[in-house]
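Here's the letter readout for the chains.
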Number of protein chains: 2
Amino acid sequence: MKATVYVTIKENVLDPKGSAVQGALHSLGFDEVSKVRIGKYLELDLDTNDRAAAEIRIKEMCELLLANTVIEDYRYELA
Amino acid sequence: MKATVYVTIKENVLDPKGSAVQGALHSLGFDEVSKVRIGKYLELDLDTNDRAAAEIRIKEMCELLLANTVIEDYRYELA
């Protein structure tokens, strides 16, 4: 089973990387870019076919390691 | 208009970060994880309603800055 996890910085938290990329895009002439938010995108292969169990385990992985839940949000998709 | 860009390491390129996360997950007891690939997930707000132009510009942004096309692939969605 394949899990896709998206980890993004919470809306009210400053995103210095995003601001840096926005500045770089502006310096390259892409002035139409008004905001940039950067996050992590993870693809995990899981050796299981039990969807319910995978859902619980993915949440645990996110809470324990993949996301810093103080400043980050996460969501996932199972396929 | 909102653009979402996914930048991932090419399949045949080693992903040291992914391997490190996989090792960490195993040490936390998540042995069912057989592979981890880590990429970037970007959300960009564009001050334009011209979808065709936005499509061209996003490609340019990816080629010039957001992705290292030697070792990374990118795809995007416009909403």
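This text goes with the structure placed above it.
Residues numbered from 1 in each chain as written. Chains lettered and ligands numbered in written order. Predicted model: local features only at pLDDT ≥ 70, side-chain atom pairs only at ≥ 80, totals over all residues. Heavy atoms only, no water.

Chemist: Teacher, can you tell me more about the sheet that holds strand β3 (residues 72–78) of chain B here?
Modeler: Paired through backbone hydrogen bonds, the strands of a sheet run either parallel or antiparallel to each other. On the basis of which strands lie adjacent, the open sheet formed by six strands has the order β3(A)-β1(A)-β2(A)-β2(B)-β1(B)-β3(B) and antiparallel pairing. Each edge of the open sheet is held by one strand with a lone partner, namely β3 (72–78) of chain A together with β3 of chain B. Sheet twist, expressed as the mean angle between neighbouring strand axes with direction ignored, is 20°. Where strand β1 (residues 2–9) of chain B and β3 of chain B come together, seven bridges link them in antiparallel fashion. (Pairing = 2+ DSSP bridges. Helix = DSSP H or I, 4+ residues; strand = E, 2+ residues; numbered from the N terminus. Axes fitted to C-alpha atoms, helices over the stretch in contact; angles between N-to-C directions.)

Chemist: I would appreciate a short explanation of the interface of chain A and chain B in the present structure.
Modeler: The figure often quoted for interface size is the accessible area lost as the parts come together. With 32 residues of chain A at the interface, the matching set in chain B holds 32 residues. Between chain A and chain B the total buried area reaches about 2,900 Å² when both faces are included, carbon and sulfur atoms providing 62% of it. Together, Phe30, Glu32 and Tyr41 of chain A form the three largest contributors to the area buried by chain A at its contact with chain B, with a combined 22%. Counting across the interface, chain A meets chain B through two salt bridges. Ionic pairing is found between Arg57 of chain B and Glu32 of chain A, a salt bridge with its closest N-O pair at 2.6 Å. For the pair chain A and chain B, the interface holds 18 residue pairs in polar contact (both at pLDDT 80 or more). Listed by contribution, the elements that provide at least two residues to the side of chain A that touches chain B are β1 (2–9), α1 (16–27), β2 (33–46) and α2 (51–66) of chain A. (Contact = heavy atoms within 4.5 Å. Buried area = accessible area lost by both parts, 1.4 Å probe. Salt bridge = Lys/Arg side-chain N within 4 Å of Asp/Glu carboxyl O. Polar contact = N/O pair within 3.5 Å; in protein donor to acceptor, adjacent residues only side chain to side chain.)

Chemist: Explain the environment of Val5 of chain A to me, please; I cannot follow it from the model alone.
Modeler: All names here are of chain A. Following the sequence through the fold, Val5 ends up in strand β1. Using a relative accessible area of 0% as the deciding quantity, one classes Val5 as buried. Put simply, Val5 and Cys62 are 57 residues apart on the chain and 8.3 Å apart in space, counted from C-alpha to C-alpha. (Buried < 20%, exposed > 50% of the residue type's maximum accessible area, 1.4 Å probe, protein only.)

No statement about biological role is implied by the geometric values presented.
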